[in-house]
Amino acid sequence: MRISVTVFLTDETVRPPALARELEERGFHGLYLPEHTHIPVSRDTPAPMGEPLPREYGRTLDPFVALGQAAAVTERLALGTGITLVAQHDPIVLAKQVATLDFLSGGRFTLGVGFGWNAEEADDHGVEWHSRRELGRRRMGLMNALWAPEPTAYDSDEAEDTHKDEAEDTDKDEAEDTDNAAEDAAGGSAPRTAVRASEAHPKPVQAPRHRKGAPPLHGPRTLLGGRPGPKLFAHVAEYADGWMPIGGGGLTDSIPRLRQAWEDAGRDPGALEVVPYAVRPSEGKLAYFAAQGVRETVVQLPPAGETEVLRALDAYAQFL
């Protein structure tokens, strides 16, 4: 079992280079960082982790800048986002950031993709809340085109010819896949997403992955976050390499359903990855994950200074 960590790095916590060096020296597999550009102080959206919202949510470092620092002082440490709110990014710029970090780190980057819980944050980015999943999916399609080895155009309207049943993000069959099911149930259409065939370098390091009835999947290792459900699992099979469930509960029931969706999409059965995220580890919990075929677990560190974080690493050393 590979043990990675996640932590809210802020302007008040341990700095990325110091943490990255400690992780690599101690034998941890990787470092995953979350993302929030800002937290509006006037917020009607309830925080899924409970109120009041922890201080660190409004103080997070930009994950790509922080991971760039981590990459510069390490050689083996895996680097990832947990997660990137793709719908809130310009996908052309994000594709460049992702490819550059993956290239400069020697292929060590994992793109964790999620859809968020904070409607006010998304609204400030111009994202219509009930179409954010479809918008994220389309932006991933555009980035896949920019990561292709040859100049490749992408137009979400043309791509939808093969995905007519998913063009509207109603989420009616997947209320369990969101903490905001009432908002998602309203449905909505995501805006057209397109890019001309372009020279776009560097390219991510990972080899293309085969998909039945679709162009190969390009880009770094990609893990999709979210609660289990048929639409989420269909999207994992469509444009990701696996699933990143927070906490990792209920895998005995969820993994067979995910595997069925994966194999129905013609993906390599041996390539599917499930990476439990933000886990409070115990021997029993890690043994349970291993019995489900999990090969990597991401454990939670406190958003604290160097002394406290190192104490937590000392405590987790027993699981390495």
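Scroll up to find the structure this text is about.
Throughout what follows, the structure given in this document is the object of discussion. All chains use their own residue numbering, which begins from 1 and follows the written sequence. The model is predicted, so local features are restricted to residues of pLDDT at least 70 and side-chain atom pairs to those at 80 or more, both for listing and for counting; the totals for chains, interfaces and linings are taken over all residues. Side-chain metrics in this entry use all non-hydrogen atoms of the structure; hydrogen atoms and water are not considered.

### A word on the overall build of the protein chain
Across its full length, the protein chain carries eleven helices and eleven strands. Our radius of gyration looks at C-alpha atoms and nothing else; its globule reference is 2.2 Å times the residue count to the power 0.38. For 320 residues, the compact-globule estimate of 2.2 N^0.38 gives 20 Å, and the C-alpha radius of gyration of the protein chain, at 19 Å, lies within 12% of that figure. Its C-alpha atoms give the protein chain principal-axis dimensions of roughly 55 × 45 × 35 Å. Burial status follows relative accessibility: with a 1.4 Å probe on protein chains alone, a residue under 20% of its type maximum counts as buried, one over 50% as exposed, and anything between as partly exposed. Counting all 320 residues of the protein chain, 54% fall into the buried class. Contact between two residues is taken to exist if any of their heavy atoms lie within 4.5 Å; hydrogens are not considered. Of the contacts formed within the protein chain by residues at least 6 apart in sequence, a portion of 74% connects residues at least 24 apart. Secondary structure follows DSSP: runs of H or I at least 4 residues long count as helices, runs of E at least 2 residues long count as strands, and numbering of each begins at the N terminus.

### Some details on the pattern of salt bridges
Here a salt bridge means any side-chain nitrogen of Lys or Arg lying within 4 Å of a carboxyl oxygen belonging to Asp or Glu. Scanning the model with the defined rule gives 18 salt bridges in all. Asp155 is paired through a salt bridge with Arg192; the nearest N and O atoms lie 2.7 Å apart. Within this pair, whereas Asp155 is found in strand 6 (residues 154-155), its partner Arg192 is found in the loop between helix 7 (181-184) and strand 7 (194-195), the two being separated by 37 residues in sequence. Under the relative-accessibility criterion, Asp155 is labelled buried at 15%. Using a relative accessible area of 53% as the deciding quantity, one classes Arg192 as exposed. Put simply, Asp157 and Arg192 hold a salt bridge, and the shortest N to O gap is 3.8 Å. On the criterion of sequence distance, the pair formed by Asp157 in helix 6 (residues 156-159) and Arg192 in the loop between helix 7 and strand 7 is long-range, its members being 35 residues apart.

### Topic: the side chain of Glu121
Note on placement: Glu121 falls in helix 4 (residues 119-124). When charges are counted, neither His nor the chain ends are considered; positive counts come from Lys and Arg and negative counts from Asp and Glu. The buried charged residue Glu121 lacks any salt bridge, with Arg43 as its nearest oppositely charged partner at 8.4 Å. At 3.3 Å, the side chain of Glu121 forms a polar contact with the side chain of Gln88. Sequence-distant contacts of Glu121, defined by excluding residues within four places in its chain, comprise His36, Thr37, His38, Ile39, Pro40, Leu85 and Gln88. Two N or O atoms form a polar contact when they lie within 3.5 Å of each other; inside protein one atom must be a possible hydrogen donor and the other a possible acceptor, and for residues adjacent in sequence the pair counts only when both atoms belong to side chains.

### Here we look at helix 9 (residues 251-264)
For a helix, the expected span equals 1.5 Å multiplied by the residue count minus one. Helix length check: helix 9, at 14 residues, gives a terminal C-alpha distance of 19 Å against a target of 20 Å (1.5 Å per residue), a fit within 8%. Residues of helix 9 that are buried include every one of Leu251, Ser254, Ile255, Leu258 and Trp262, and no others. With its buried residues spanning 95° around the axis, helix 9 presents them on a single face. Just beyond helix 9, the residue with positive phi is Gly266, at close to 80°. Note that the arc is defined by the directions from the helix axis to the C-beta atoms.

### Some details on the side chain of Lys203
By the secondary structure assignment, Lys203 is in the loop between strand 7 and strand 8 (221-225). For the buried Lys203, no salt bridge exists, and the shortest N-O distance to an oppositely charged side chain is 6.2 Å, to Glu199. A distance of 2.8 Å separates the side chain of Lys203 from the backbone oxygen of Ala148, its partner in a polar contact. Here the side chain of Lys203 touches Ala200 through a polar contact of 2.8 Å, landing on its backbone oxygen. Once you skip the residues sitting within four places of it in the chain, Lys203 turns out to touch Ala99, Phe103, Leu146, Trp147, Ala148 and Pro149.

### With respect to the packing of aromatic side chains
Note on aromatic pairs: the rings of Phe, Tyr and Trp (six-membered ring only in Trp) are paired at centre separations within 6.5 Å, and the planes decide the class, stacked below 30 degrees, edge-to-face beyond 60, tilted for the rest. Using the criterion set out here, one finds six aromatic pairs in the structure. Ring geometry for Phe64 against Phe109: centres 5.9 Å apart, planes inclined by 50°, an arrangement best described as tilted. Taken as a pair, Phe64 in helix 2 (residues 63-72) and Phe109 in strand 5 (residues 109-114) lie far apart in primary sequence, 45 residues in all. Phe64 sits in the buried class, given a relative accessible area of 9%. In this structure Phe109 comes out as buried when scored by relative accessible area, which is 1%. The lysine or arginine in question, Arg132, covers the ring of Trp129, its NZ or CZ lying 3.8 Å from the ring centre. The criterion for a charge sitting over a ring is simple: Lys NZ or Arg CZ within 6 Å of the ring centre, and within 35 degrees of the ring normal.

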